[in-house]
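What follows is each chain in one-letter form.
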Amino acid sequence: MTEWERVTVNDPRGPVNNGTGAQYVYYGAAPDWAARKRVEALRIAREDRIRLADRFVPPLGYRTAADRLEKPGSVVLLDGRPGSGRRAAAIMLLHGLGEDGGVDEQDVRFEELPYVEDKREPSLAPGEGDRFLLDLSGITDAETYVKAQHRLAVRRSQVREAGAHLAVVLPADLEHAHVPDFEPDTVRLGRPRGLAVLTRHLRMDRLPFRTPDLGGPEIRALCERSPMRELARFARLVRTAHDDGRFGTDFADWLGQAMRAVTDRAGEVRAQVRAVGTAADRALLLTAAMFEELHADSVYEAWHCLMRTVKHEEEATTELGRRDFGERLKTLGIARDADGRLRFKRLAYAEAVRAYFWENFPGVRDDLRDWIGDAAGDRRLTTDDRVNVVVRFAERSLAAGRPDDLFVLVARWANSAPRTTCDPRSLAALELGLAHEKFGAEFRQRIYAHVTSGSLSDGLARVLTAACAKSIAATHPDQAVVRLHHLAMRKGEVAGEAQEALLDLTGQDRRLYRLLIDRVRDRLGREPHKTEAHLHLLSELLGHDRAPEPPPWPDLFLGWETVFSHPPAKFWRPLVTSWLNAVTDDPTQDMALGVMVAATHGRPAPLHRLYALTCDWAGTARHSARAAVAALFWQHIDHAQYARAESARHAGPGPRITEEER
């Protein structure tokens, strides 16, 4: 059993403003596969918040919460029933702070905080204007909630002191465990008008309809009782019926198909499974649901793979003596298109089939995991096909509270991937887990355990690197820095890839840049066996092409000070010459020369090395610009040497100069 197989997390709870089943939250640019599958998500990147704002209908109490949160250093706690849109409201409250106040999105953080404390992760350290989301809605027991409120009290103090903003989503059904101290900051949200929510979604999808089209009693009842996530899903089904082309030609047809999909499908699937008498036909029904829209030959192979996995005995007769494949498909209500791809005849039927089997056949879930592990590797499948299957499997596994099934397959696929390849199935499964509101923290913790472990295959390390750089960096950038740093300290080609991802991430954010400098300096003192690896990373980080613009001189000083005080000096040349070249191209950056010299603290050995490096650099080309930069640098060195000599003369006899300094 691998480390990925040991943890089981139960009692899944999705968010309150997404679709049914497993919930995924994509922050930043959504992966291509997410766009293709229309995986609905709440995202914290600005462009995605704008998309959410287009579809958002404020719940009752929203204006009160907005007034509470407007002042710098404010905290608001959102209470309400599940389905009232609390999480979406929290994101929109924070988003609204930057819309009217001229806030530069590049200067503030907009991040989600984990409610589980982990001292191995960077501390919060908020800045003025930063915006934070803390979603406690997944907590279901009073003991965990009490601990979370203790941590919330600390964070509230930090936010108030820094002038930041914090929106908190409270759990439902735990009112008896609320800490009275938070009552003044708590706002209870009511349910928004369901019909307004549905109308907003349909209009943003540019569907042709009139308000009377939504006046039927079934639609009214749906809007009055359904959570916001269900209404969003219903709107997506209407859009799917419109786009598909098989479900009528006007809005009434599409609306009727969507209504049947949300009200009748579960019963229809239940009746069909009961009517299907053989295990082989049930296996084909599930296979078609998992591999819908794939070629019939691929579905056929996956079907037989499933029967082998569950140890179903083949019929004694030869295949020519059995019912043919097409007849089986027709009996099950599965159509084969002209291009050979299979589709169910009813809207959203495949989704209902998948949900039914995972909910009602718990004893075969391990077999289903192993089946997908094998079947998703069929060489006839395109990358898109494989990822589509992974998305469907992940939805059901996470909805059933089985994140371990994804962990197992991530490792299995990654370990068997060709050399230098990041397995797309592993990456998709990992990103789905990281984006899940209930299990995202669990996935981040397991990634941390792996990157700090002794053994890690290149394939898995490559997938973890990609997941950190893409998914974790968008939601929890501090945690991404920590994990990528550990990966970069490993040996081999994959470590180089992790270092590149780490440097790209920190080079775009001054706060993360300083965080990494501080981490490396701290690790140098605590991990002497990795001194050279840390110095190599630090020298790369401090080069001109890696530093944010404008250069953060105090941070560069601390980093250069560390490099110049540690042997070996082989990392100096690329570091120093990068800044000499920068000053040659842009004289306004000549402050780098004085800061580098100051970082030596006037010690003779580092100053002599800087002088020698500059001589070599200036001698490689005969043009006045380099000569002028070299002369200026030498002036800084001379001044530092003179200042040290004067200080020593006034101080009297001091310690002898060491051999290393000579």
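Structural data are supplied above this passage.
Residue numbers here run from 1 along each chain, matching the order of that chain's written sequence. The predicted nature of this model means local features are confined to residues of pLDDT at least 70 and side-chain atom pairs, given and counted, to a pLDDT of 80 or more, with totals for whole chains, interfaces and linings taken over all residues. Excluding hydrogens and water, the side-chain values take into account all heavy atoms of the structure.

### A word on the nonpolar core
A general trend in soluble globular proteins is that nonpolar side chains are found buried together. Convention followed: Among the buried residues, those of types Ala, Val, Leu, Ile, Met, Phe, Trp, Tyr and Cys that are joined through side-chain atoms within 4.5 Å form a nonpolar core. Exposure classes here rest on a 1.4 Å probe applied to the protein chains alone. A residue is buried below 20% of its type maximum, exposed above 50%, and partly exposed in between. Strands here mean DSSP runs of E at least two residues long; helices mean DSSP runs of H or I at least four residues long; both are numbered from the N terminus. We call two residues in contact whenever any of their non-hydrogen atoms come within 4.5 Å of each other.
Residues Phe291, Trp371, Ile372, Trp560 and Trp579 are the most contacted members of the largest nonpolar core, which totals 127 residues. The dominant element in this core, judged by the number of residues it contributes, is helix H20 (residues 458–475), at nine residues. Excluding its chain neighbours within four sequence positions, the residues that come into contact with tryptophan 579 are Leu542, Gly543, His544, Ala547, Pro551, Trp553, Leu556, Trp560, Gln589, Ala592 and Met596. Among the nonpolar cores identified, the runner-up in size contains 27 residues, and Phe234, Val238, Trp254 and Ala258 belong to it.

### Regarding the pattern of salt bridges
Under the convention used in this document: One speaks of a salt bridge when a side-chain nitrogen belonging to Lys or Arg is within 4 Å of a carboxyl oxygen belonging to Asp or Glu.
Following the criterion strictly, the structure yields 47 salt bridges and no others. Between arginine 81 and aspartate 173 there is a salt bridge, and its shortest N-O distance comes to 3.0 Å. With arginine 81 in the loop between strand E1 (74–79) and helix H4 (86–96) and aspartate 173 in the loop between strand E4 (165–169) and strand E5 (186–188), the pair connects residues that are 92 residues apart, well separated along the chain. With a relative accessible area of 44%, aspartate 173 lands in the partly exposed category. Arginine 239 is paired through a salt bridge with aspartate 205; the nearest N and O atoms lie 3.5 Å apart. Of this pair, arginine 239 sits in helix H8 (residues 228–244) while aspartate 205 is found in the loop between helix H6 (194–204) and helix H7 (217–225), placing the two residues 34 residues apart along the sequence. On the basis of relative accessible area, arginine 239 is assigned to the partly exposed category, the value being 28%. In this structure aspartate 205 comes out as buried when scored by relative accessible area, which is 15%. A single salt-bridge network, built from bridges that share partners, covers Asp366, Arg369, Asp370, Arg402, Asp405 and Arg412.

### Description of empty space enclosed by the protein
To keep it simple, the criterion reads: Here a cavity means grid points, on a 1 Å grid over the protein atoms only, where a 1.4 Å probe fits yet cannot get out; a pocket means an open set of points with protein on both sides within 12 Å along at least five of seven lines; lining residues are those with an atom within 4 Å of a point. Grid points are joined across faces, edges and corners, and a volume is the space filled by probe spheres set on the points. Charged residues are taken to be Asp, Glu, Lys and Arg, nonpolar residues to be Ala, Val, Leu, Ile, Met, Phe, Trp, Tyr, Cys and Pro, and polar residues to be all remaining types, Gly included.
Under the definition given, this model contains four cavities of 30 Å³ or more. By volume, the second largest cavity is sized at about 80 Å³. The leading source of residues in the lining of the second largest cavity is helix H19 (residues 440–451), at three residues. Taken together, the residues of the lining of the second largest cavity sort by class into three nonpolar, two polar and four charged.

### Notes on the pairing of strand E3 (residues 131–135)
Here is the rule: Strand pairing requires that DSSP identify at least two bridges connecting the strands. Crossover handedness is defined here as right-handed if the route from the first strand over the helix to the second strand goes clockwise, with the strands pointing away from the viewer.
The buried fraction of E3 amounts to five of the five residues, a majority that puts the element mostly inside the structure. Where burial is concerned, the two faces of E3 agree: the one with Arg131, Leu133 and Asp135 and the one with Phe132 and Leu134 are both buried. As defined by bridge partners, strand E2 (residues 110–113) adjoins E3 across four bridges and the pair is classed as parallel. Its bridge partner being in E3, leucine 113 is matched across the sheet by leucine 134. Pairing of E3 with E4, which is carried by five bridges, proceeds in the parallel orientation. Paired with arginine 131 across the two strands is histidine 165, which belongs to E4. The parallel pair E3 and E4, bridged by helix H5 (residues 142–162), forms a crossover whose chirality is right-handed.

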